[in-house]
Amino acid sequence: MHCKAAYDTLIYMKISSWQEELRESSQDLLLLLEKLGLQDDSLQRLSNMQQPFPFKAPRSFLERIEKNNPSDPLLRQILPVSEEELQHAGYSKDPVGDLDTQAVPGLLHKYHGRVLLVSTGACAIHCRYCFRRHFPYADSNPSDQNWRAALEYIRSDQSISEVILSGGDPLMLADSKLAFLFAELAAISHVKRLRIHSRMPVVLPSRITGSFLALFHKFRLKPIMVLHTNHVNEIDEKVEQSLARLKSTGMPILNQSVLLKGVNDSSQALAALNEKLFDCGVLPYYLHMLDMVQGAAHFAVAEERAKEIMHELRLSLPGYLVPRLVREQAGAPYKLPLL
Ligand SMILES: *Cc1c(COP(=O)(O)O)cnc(C)c1O
Ligand code: SF4
């Protein structure tokens, strides 16, 4: 009896710790800049905190930012700057045509054999370049009712062999919600694989709890995780440990990055990232060209430069450590390789 209670408390503590960490996420930009020793006015920070996509990052991510470095590659990914307010030709609110591919609210059926379930609109971090920064999550929000419609759609289409949980970030959901989804999907016999697209093992490594890992125990579907990491400095010791825990389930882990000016737009930066990921048991998957989403133009890398970087990467790395450079194009039947 005592043991059971102690065990429950332990589980509770484990569950609550990542959720607590999340609640304590920093939304206070001024405090952060002060801690980093940075002069506010030199950064051309965006002052309007009432914007729909405000600054947000967990403390453990902020700890990986270098002090006194206004061009730190991690800071650049999360710092709202005034450049976001400039309008640029060709940049829109739904650059990849997601809204046109919704089979039912929150379920995107764009490519053959796989569907993408927007399982939550929330994220642990707000990446300034995100193509979903304007996505009307409130309308397509995967409430339990929408899940029911999505599950019904998946059940009725035998060509669907893979379900991708994406978002937002699906690992924002509590394990009990994930358990429900996993069980519903496992009960659909033509579904073979469950893919999870998540930035949380990197951004909030404490999310990878024992109770999360237990979801994959004796699971009928083949799980696969696709991380989102852009720079080697994102991987500290805690992240190494979270990836080791994930690896212990035996699931393949891949990584996708976005090619971002001032963050990872050199072959050296990408080589360092992919070598480090390999040390953690993670293989590169995609290197995405920036989606032309309004407010992200200052991250754009020209196509010529992107190809040059790929060439240099191939000169310096084994083939399996070179990601595929792709562009997402509305209406295309797959993510288009650039070379
Ligand atoms: C990227 C994406 C997928 C997965 O594509 P893969 O090439 O299999 O990784 C599926 N559905 C949507 C809507 C996507 O954007
Ligand atoms: S974690 Fe992914 S979905 Fe969330 S803001 Fe960052 S890039 Fe966008």
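Residues numbered from 1 in each chain as written. Chains lettered and ligands numbered in written order. Predicted model: local features only at pLDDT ≥ 70, side-chain atom pairs only at ≥ 80, totals over all residues. Heavy atoms only, no water.

Chemist: Tell me what's going on with the overall build of the protein chain, and back it up with residues and numbers.
Modeler: The helix and strand inventory of the protein chain stands at 11 helices and 10 strands. Looking at the protein chain as a whole, 52% of its 339 residues qualify as buried. By sequence separation, contacts in the protein chain at least 24 residues apart represent 82% of the contacts at least 6 residues apart. For the protein chain, the computed accessible surface area is about 15800 Å², with 54% contributed by carbon and sulfur atoms. (Helix = DSSP H or I, 4+ residues; strand = E, 2+ residues; numbered from the N terminus. Buried < 20%, exposed > 50% of the residue type's maximum accessible area, 1.4 Å probe, protein only. Contact = heavy atoms within 4.5 Å. Areas by Shrake-Rupley, 256 points an atom, 1.4 Å probe, with all protein chains shown as cover.)

Chemist: So what's going on with the packing of aromatic side chains? Which residues, and what values?
Modeler: Under the criterion given, the structure shown has 8 aromatic pairs. Note on Tyr129 and Phe299: the rings are 5.8 Å apart at their centroids and 85° apart in plane angle, and the pair reads as edge-to-face. Highlighted residues: Tyr129 in the loop between β3 (114-118) and α5 (144-156) and Phe299 in the loop between β8 (283-288) and α11 (303-316), separated in sequence by 170 residues. Phe299 sits in the buried class, given a relative accessible area of 0%. Between Phe216 and Phe219, the aromatic rings sit 6.2 Å apart at their centres with planes inclined by 85°, giving edge-to-face as the arrangement. With respect to burial, Phe216 and Phe219 carry one shared label: buried. (Phe/Tyr/Trp six-rings, centres within 6.5 Å; stacked < 30°, edge-to-face > 60°.)

Chemist: Pulling in residues and values, what's your account of the pattern of salt bridges?
Modeler: For the structure on display, the rule yields 15 salt bridges. Among the ionic pairs, Lys238 bridges to Glu63, the shortest N-O distance being 3.8 Å. Remark: Glu63 occurs in the loop between α3 (59-62) and α4 (73-78) and Lys238 occurs in helix α9 (residues 237-247); sequence separation between them is 175 residues. For Lys238, a relative accessible area of 44% translates into the label partly exposed. Taking relative accessible area as the criterion, Glu63 reaches 56% and is therefore assigned exposed. Arg155 serves as the salt-bridge partner of Glu152, at 3.4 Å between the closest nitrogen and oxygen. In this pair, Glu152 and Arg155 are both assigned in helix α5, 3 residues apart and thus about one turn of the helix distant. Looking at Glu152, the relative accessible area reads 45%, which means it is partly exposed. The partly exposed category is assigned to Arg155, whose relative accessible area is 36%. Connected through salt bridges with shared partners, the residues Glu84, Arg128 and Arg133 form a single ionic network. (Salt bridge = Lys/Arg side-chain N within 4 Å of Asp/Glu carboxyl O.)

Chemist: Would you mind going over the site of ligand 2 in detail, with residue names and values included?
Modeler: Around ligand 2 sit Cys123, Ile125, Cys127, Cys130, Gly168, Arg199 and His228, and those are all the residues in its vicinity. Residue classes in the shell around ligand 2 are distributed as 4 nonpolar, 2 polar and 1 charged. (Near = heavy atom within 4 Å. Nonpolar A, V, L, I, M, F, W, Y, C, P; charged D, E, K, R; others polar.)

Chemist: Now, about α11: what can you tell me, with residues and values included?
Modeler: Here α11 spans 20 Å end to end across 14 residues, near enough to the 20 Å set by a 1.5 Å rise per residue. For α11, the full list of buried residues reads Ala306, Ile309, Met310 and Leu313. On an axial view of α11, the arc spanned by its buried residues comes to 100°, and they lie on one face. Turned more than 90 degrees away from the buried face of α11 sit Glu304 and Leu315, all of them exposed. (Expected span 1.5 Å × (residues − 1). Arc of directions from axis to C-beta.)

Chemist: Just give me the short version of the site of ligand 1, but keep the residues and values in it.
Modeler: Near ligand 1, the surroundings consist of Leu108, Lys110, Tyr111, Arg114, Leu116, Ile164, Arg195, Tyr285, Tyr286, Glu328 and Lys335. A distance of 2.6 Å separates an oxygen atom of ligand 1 from a polar atom in the side chain of Arg114. Among the secondary structure elements, those contributing two or more residues to the shell around ligand 1 are β2 (107-111), β3 and β8. Here the element with the most residues in the shell around ligand 1 is β2; it accounts for 3 residues. Its residues placed into classes, the shell around ligand 1 shows 6 nonpolar, no polar and 5 charged. (Polar contact = N/O pair within 3.5 Å; in protein donor to acceptor, adjacent residues only side chain to side chain.)

Chemist: Talk me through the packing of helix α10 (residues 267-279) against α11; I want residue IDs and the actual numbers.
Modeler: The relative placement of two packed helices is expressed as an angle between their axes plus a distance between the axes. It is the contact of α10 with α11, at a shortest axis distance of 9 Å, that shows an interaxial angle of 50°. The orientation of α10 with respect to α11, classified from their angle, is oblique. Note on packing geometry: the crossing formed by α10 with α11 is right-handed. Taken together, the residues of α11 that come into contact with α10 (itself represented by Ser267, Leu270 and Ala271) are Ile309, Glu312, Leu313 and Ser316. (Axes fitted to C-alpha atoms, helices over the stretch in contact; angles between N-to-C directions. Parallel < 35°, antiparallel > 145°, perpendicular 65-115°, else oblique. Left-handed = near helix turned anticlockwise from the far one by under 90°.)

Chemist: Tell me about the environment of Gly331, and please be specific about residues and values.
Modeler: You can see Gly331 is positioned in the loop between β9 (324-327) and β10 (336-337). Looking at Gly331, the relative accessible area reads 79%, which means it is exposed. In this structure, the C-alpha to C-alpha distance between Gly331 and Asp100, residues 231 residues apart in sequence, is 9.0 Å.

Chemist: Now, about the environment of Val191: what can you tell me, with residues and values included?
Modeler: Inspection of the secondary structure assignment puts Val191 in the loop between α6 (175-186) and β5 (193-198). The class for Val191 is buried, based on a relative accessible area of 1%. For the pair formed by Val191 and Ile154, sequence separation is 37 residues and the distance between their alpha carbons is 8.3 Å. Setting aside its immediate chain neighbours within four residues, Val191 contacts Ile154, Ile160, Ser161, Val163, Leu185, Arg220 and Leu221.

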